Amino acid sequence: MSNKKRKIRLGRRVAEALDLPAEAVSGMPKLTLQGREAMLVENHKGLFECGENVVRLHTACGILRITGEGLTLLELSAERLYVAGKLCGAEYEP
Amino acid sequence: MLTGIWNSVAGYVIIEIKGKGLERFLNLAVHSGIEIWRVRRTGVATITARVSVEGFYALRTLVRGQNVHVCILEKRGLIMRLSRLRFRKVLLYGWAIVLALLVAASRRIWFIEVEGCDTVREAEVLAALDTMEVRIGSRRNAVPTSQLGGELMASDPRIAWAGARLDGVTLRVSLQEAEAIPQLPSGGQKTPVSIYAAKDGVITSITVYDGKAKVHVGDAVLAGQELITGVLRSDETHTLLTQARGEVMATVLYRFQATVGPTITKPVETGETRICARIGLFGWEFLSSGFAAEDAWENAREEPTFQYALTNCFLPFTAERIRLYELAERETSATQDELAQAALRKAERVMSETLSENARILSKESGTVWLEDGALQASILVTTEENIGEIKEIKEPHGEQD
């Protein structure tokens, strides 16, 4: 087993033992959807594409694609992104 | 929400970013710690966003070396609005002066309201306040409202109670006037007196200030009857006398009669007539006899023969042609109604001359009767309530009857 994978598994076990939030330790993206109008994405790694109908983000799990109409980035920071508009879907690109 | 409020106060700018690699530029800005929000794609190579003032200055350094162009679309925020005023110094100084004047003015009294004035006039109260250095323009903290009431009471014996309070820039003074001390009937006598009835009547109320009441409410008394006696005690050893004081109210019945007829004196036409013209302009009237400037008869009956009025315009004008019939006072026969009216008028005149000013009329009935000689007699029956007490010296002391 590679050292990196070993560290990841060890980190998960420590997080589970201490009841820490998993995304805080592993760096996985966390999506919070509010109805169909807003979505909060935490732990992203950068903006890949910003359009009116699609927003693509770099994440630890791959490129996250958010589709919809009239999308606006209400908040944009190094780790958080708050997108609003008429959301249609969110998926990871293969 | 707090962030939005802070941004509105501190100010922010709406920028437009044009070029290629907009997302890369945004990532660079975000990782540099620049706060950007409301990012929206508005064109193929155009993005609008909002950034704080400090963030915009930081963005300008990032633009160098990047293939993008940043321009300001709009500036928003309280700071932005106020910054536009930095070239309007007179306006700013004016605001500052007005604010200073408002603050200074709010520390003084500008209105004085007095409540409860009846006998005591408001001007007298204001004059009394003026002697206490309290007037319009006085400083609020220099007015001792807690002591003002006592000083007002001491300044005027007619004031039973006074209070003052400050309501903003208004000083409200409340007064309660003292009840007037009833004036006791007194002729300046030093000898003992009693109160006797001046008229017949039925007692409705007795108020005794000094002496002893001899009658009660509801008693029928005759003129001359003793109502309040000044003899307090009388026995074999000595007699105690005083000056009786009091008020005795009673209902008194009056009957007034007057006879007129069979002839009365009234204005009668003499047969002389005259044609006159009257012109009215702006409410003034000018009367002329024909076209000559002669005075018309003072007592004359008028009969208009022609009238013209022009009032629905700027110049109100009336003109009329009248026939005057001369009248003269003569003794002549009269109709039944005229005799009745004359008799009642005469009786009313007698009534008004006889009744005292303090008498309160409770009821009044009138009627007429034909006499044998053709005259008409009018009668008025009046019931009044009045003070029937009359002060007289005690004729001789006597023992108590009760």
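All of these numbers come straight from a predicted model, not from anything done at the bench.

Draft legend 1. Structural context of the pairing of strand β2 (residues 38–42) of chain A. Residues and elements named next belong to chain A. Side chains Met39 and Val41 project from β2 onto a buried face, and the interleaved Ala38, Leu40 and Glu42 project onto a face without burial. The hairpin turn running from strand β1 (residues 30–34) into β2, its antiparallel successor, is 3 residues long, and Gly35 in that turn takes a positive phi close to 60°. Examined bridge by bridge, β2 and strand β6 (residues 80–92) share 5 bridges and lie antiparallel to one another. In the strand pairing of β6, Ala38 is matched with Ala84.

Draft legend 2. Structural detail: the sheet that holds strand β20 (residues 360–370) of chain B. Residues and elements named next belong to chain B. Pairing in this open sheet of 5 strands is antiparallel, and the strands run β11-β9-β15-β21-β20 from one edge to the other. Both outer strands of the open sheet, β11 (220–221) and β20, are each paired with one neighbouring strand and no more. Pairing of strand β9 (residues 201–210) with strand β15 (residues 245–260) involves 7 bridges; the strand directions are antiparallel. Counterpart to Val202 in the pairing with β15 is Thr251. Sheet contacts for helix α8 (residues 336–354): β15, β20 and β21 (376–387); angle to β15, the most-contacted strand, approximately 155°.

Draft legend 3. Region of interest: the confidence of the model for chain B. Residues and elements named next belong to chain B. For chain B, the mean per-residue pLDDT works out to 85, and 90% of the residues sit at or above 70. Within chain B, the lowest mean pLDDT, 67, falls on strand β17 (residues 284–289), and the highest, 95, falls on β11. Predicted confidence for residues 398–402 stays below pLDDT 50, and this span has 4 contacts to residues more than four positions away or in other chains. For this predicted complex, the interface confidence score (ipTM) comes to 0.79, while the overall pTM stands at 0.41.

Draft legend 4. The arrangement of the environment of Val68(B) in detail. Residues and elements named next belong to chain B. Its place among the elements puts Val68 in strand β4 (residues 68–76). Under the C-beta neighbour-count criterion, Val68 is labelled buried, with 20 such atoms within 10 Å. For the pair Val68 and Gly19, spaced 49 residues apart in sequence, the C-alpha to C-alpha distance is 4.3 Å. Here Val68 is in contact with Ile17, Lys18, Gly19, Leu22, Phe25 and Val63, once residues within four sequence places are set aside.

Definitions and limits used
Residues numbered from 1 in each chain as written. Chains lettered and ligands numbered in written order. Predicted model: local features only at pLDDT ≥ 70, side-chain atom pairs only at ≥ 80, totals over all residues. Buried ≥ 20, exposed ≤ 12 C-beta atoms within 10 Å, placed from the backbone. Helix = DSSP H or I, 4+ residues; strand = E, 2+ residues; numbered from the N terminus. Pairing = 2+ DSSP bridges. Contact = placed C-beta atoms within 7 Å. Axes fitted to C-alpha atoms, helices over the stretch in contact; angles between N-to-C directions. pLDDT = per-residue confidence, 0-100.

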